[in-house]
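Residue-level structure breakdown
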Amino acid sequence: MYDMIKINQIKTVNDFNFKDKIAIVRVDFNVPINHFSHKIIDDTRIQYSIPTIQKIISDHGKIVLISHLGRPKGKHCKRDSLKIIVPLLSKILQIPIKFSEDCIGENVKKNVFELKNKEILLLENLRFYKEEEEGNKNFAFKLASLGNIYVNEAFSVSHRSHASISVIPKFFGNKKCIGLLMKKEIQCLEKILGKGRKPITILLGGAKISSKINIIEHIIHFADHILIGGGMAYPFIKMQGGNIGKSMIEKDQNEKTKKILKNILNKCKKKKNLFFPKDVVIADSFNNHANKKIVSIHSIPNGWMGLDIAPNSIKYFCDIINQSNTIFWNGPVGVFEFSNFSLGTRSIAKAIVNATKKGAFSLIGGGDTIASLKMEKCEKKISYLSTGGGAMLESLKNETLTGIKAIIS
Ligand code: AMP
């Protein structure tokens with residue numbers, strides 16, 4: 001049913017010998033940074049790319065690492081320089097890492113030319129050029145001309161039609177592949193799409209309904225339970241005629257979005273696989289110390305807003321999770337950053353850990369969702385933590401990611 005590409009159809013770094021070759025490796029070093037202390041807060045993405053880098057080094061290849069960091073919007077800015085990665089990467093790999101102050105141009109060519117086998121050169125932030133996000137062919141060509149083999153190890157941006165993801169591979173013929181992290185991400189998605197052990201439960205929360213609504217339309221067909229929490233729930237409740245007070249509704253919800261919501265509600269009426277919270281914790285302002293009380297999600301008084309799921313909803317959702325064999329979670333079910341409204345999200349995290357202990361396969365993605373697991377110190381008790389929230393969600397739509405298509409075409 002699903003068009004997701006099978007992992008054994010895609011070449012990985014293990015299909016190449018990199019000896020004397022220059023590998024252009026697109027990594028995702030877009031790590032969270034504390035700009036006051038100038039420190040990397042979480043190095044997971046760097047750590048996850050290490051096996052691929054080590055494979056190329058052990059082959060005696062040369063590596064040119066390319067990545068983005070932050071949102072510099074096409075302008076060079078010191079704050080988003082990738083130079084900050086150099087000491088940490090060097091420490092992890094126990095070798096010096098060379099750095100190029102730009103990602104294209106004569107100096108970069110010279111730096112690449114001087115690379116010896118087993119050496120690594122990290123190029124400056126790709127997004128210092130607007131051409132990266134525009135998917136510019138000329139920019140991609142300049143980057144592609146730096147190496148012999150292209151490796152995509154940036155799952156988290158592989159749903160984007162950016163130059164370094166979907167255009168560069170066009171210049172490499174059959175000399176292109178994915179990295180080991182990317183392989184693992186795809187394998188885990190395969191466990192959900194099509195191959196997932198039933199019952200399959202998909203929990204979607206968070207705030208941005210616009211980014212998740214099309215996904216619901218697709219998962220309706222194979223998920224046994226779709227649990228909707230957080231800010232995602234309120235537009236549905238409003239459409240069903242409930243009173244949601246001043247609960248979050250994403251701005252500029254257009255007619256198209258409303259039509260999709262209606263369509264989802266209709267389809268799920270037949271399949272009976274869409275579940276909403278029953279009771280919610282409401283607040284009189286968006287504040288951790290706001291006055292709070294518990295009411296039905298359908299009758300939130302004017303001037304109040306739902307900021308978390310309440311005990312009955314927690315039990316309702318956790319019971320479903322407990323009976324599931326495959327669980328996918330993206331998006332907190334409340335404003336978990338406020339300790340007084342974090343119980344729902346933390347309870348969900350614990351329920352998924354328990355189900356995993358009993359043998360369920362759990363896949364969790366998205367920065368906020370993983371942060372909430374870390375709050376409960378249970379991030380290591382999940383089957384797989386995805387490095388890409390957006391890419392993971394996009395994969396749930398019956399589609400092969402553009403970055404993967406570029407490797408197999
Ligand atoms: P997303 O990026 O769409 O996954 O959204 C994550 C954000 O959704 C987090 O910062 C949460 O605080 C927020 N969120 C979750 N539930 C609610 C809610 N009921 N009202 C407002 N924001 C929420």
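Predicted, not measured: the structure shown is a model, and the values here were computed from it.

Criteria and cut-off values
- Residues numbered from 1 in each chain as written.
- Predicted model: local features only at pLDDT ≥ 70, side-chain atom pairs only at ≥ 80, totals over all residues.
- Heavy atoms only, no water.
- Domains from an automatic or database assignment.
- Contact = heavy atoms within 4.5 Å.
- Buried area = accessible area lost by both parts, 1.4 Å probe.
- Salt bridge = Lys/Arg side-chain N within 4 Å of Asp/Glu carboxyl O.
- Polar contact = N/O pair within 3.5 Å; in protein donor to acceptor, adjacent residues only side chain to side chain.
- Helix = DSSP H or I, 4+ residues; strand = E, 2+ residues; numbered from the N terminus.
- Nonpolar A, V, L, I, M, F, W, Y, C, P; charged D, E, K, R; others polar.
- Near = heavy atom within 4 Å.
- Buried < 20%, exposed > 50% of the residue type's maximum accessible area, 1.4 Å probe, protein only.
- Axes fitted to C-alpha atoms, helices over the stretch in contact; angles between N-to-C directions.
- Parallel < 35°, antiparallel > 145°, perpendicular 65-115°, else oblique.
- Left-handed = near helix turned anticlockwise from the far one by under 90°.
- Pairing = 2+ DSSP bridges.
- Right-handed = clockwise from strand over helix to strand, strands pointing away.
- Phe/Tyr/Trp six-rings, centres within 6.5 Å; stacked < 30°, edge-to-face > 60°.

This next bit is on the domain arrangement of the protein chain. Looking at the protein chain, the domain boundaries give domain 1 (4-181) and domain 2 (193-396). Relative placement of domain 1 and domain 2: their C-alpha centres are 34 Å apart. Domain 1 puts 9 residues into the contact, and the matching count from domain 2 is 12 residues. Summed over both partners, the interface of domain 1 with domain 2 comes to about 860 Å²; 65% of that surface belongs to carbon and sulfur atoms. At the boundary of domain 1 with domain 2, the tally comes to 1 salt bridge. Where Lys374 meets Asp42, a salt bridge forms, and the shortest distance between an N and an O atom there is 2.5 Å. Here domain 1 and domain 2 share 2 residue pairs in polar contact (both at pLDDT 80 or more) between them. Sorting elements by how many residues they give to the side of domain 1 that touches domain 2 places helix H1 (residues 44-58) first, with 3 residues. Broken down by class, the residue content of the side of domain 1 that touches domain 2 amounts to 4 nonpolar, 3 polar and 2 charged.

Attention now moves to the site of the ligand. Close to the ligand lie 16 residues; Ala207, Lys208, Gly306, Glu337 and Asp368 are nearest. Between the ligand and Ala207 there is a distance of 2.9 Å, counted from an oxygen atom to a backbone nitrogen or oxygen. Within the side chain of Glu337, one N or O atom sits 2.5 Å away from an oxygen atom of the ligand. The residue inventory of the shell around the ligand, partitioned by class, reads 6 nonpolar, 6 polar and 4 charged.

All right, on to unusual backbone geometry then. Cis geometry is adopted by the peptide bond preceding Pro199, which originates at Lys198 and carries an omega value of -5°. Phi at His38 is positive, roughly 60°, even though this residue is not glycine. Its location among the elements puts His38 in the loop between strand E2 (33-34) and strand E3 (39-40). For His38, a relative accessible area of 51% puts it in the exposed group. Even without glycine at this site, Lys73 takes up a positive phi of about 55°.

Helices that pack against each other are described as a pair by the angle of their axes relative to one another and the distance between those axes. Put simply, H1 and helix H2 (residues 86-93) touch, their axes get as near as 11 Å, and they point 55° apart. One element, H1, and the other, H2, form an angle in the oblique class. Relative to H2, H1 is oriented so that their crossing is right-handed. Contact residues: Ile46, Gln47, Ile50, Ile53 and Gln54 in H1; Leu88, Leu89, Ile92 and Leu93 in H2.

Next up on the list: the pairing of strand E18 (residues 361-364). Across the two faces of E18 the burial is the same, with Phe361 and Leu363 and Ser362 and Ile364 all buried. As judged from the 4 bridges shared by strand E17 (residues 326-330) and E18, these two strands associate in the parallel manner. Bridged to Ile327 within E18 is Ser362. One crossover worth recording links E17 to the parallel E18 by way of helix H12 (residues 343-357), and it is right-handed. Strand direction decides the pairing type here: E18 and strand E19 (residues 384-385), joined by 2 bridges, are parallel. Within E19, the residue paired with Leu363 across the bridge is Tyr384.

For the rest of this paragraph, the subject is the pattern of salt bridges. Scanning the entire structure with this criterion turns up 15 salt bridges. Of the charged contacts, one joins Lys19 and Asp20 as a salt bridge, the two residues approaching to 4.0 Å between their closest N and O atoms. Judged by its relative accessible area of 45%, Lys19 is partly exposed. For Asp20, a relative accessible area of 48% corresponds to the partly exposed category. In this structure, Asp224 engages Lys198 in a salt bridge whose closest nitrogen and oxygen atoms are separated by 2.9 Å. Remark: Lys198 occurs in the loop between helix H7 (180-192) and strand E9 (200-204) and Asp224 occurs in the loop between helix H8 (209-219) and strand E10 (225-228); sequence separation between them is 26 residues. Several salt bridges share partner residues, and in doing so they unite Arg346, Lys350 and Glu376 into one network.

Turning next to the packing of aromatic side chains. On inspection of all chains with the given rule, the structure shows 8 aromatic pairs. Between Tyr129 and Phe139, the ring centres sit 5.4 Å apart and the planes meet at 35°, which makes this aromatic pair tilted. Linking Tyr129 in the loop between strand E6 (120-123) and helix H4 (130-134) with Phe139 in helix H5 (residues 137-144), this pair joins segments that are 10 residues apart in sequence. Here Tyr129 falls in the partly exposed class, since its relative accessible area comes to 23%. Looking at Phe139, the relative accessible area reads 3%, which means it is buried. Each member of the aromatic cluster is reached from another via a ring pair, and the members are Phe275, Tyr316 and Phe317.

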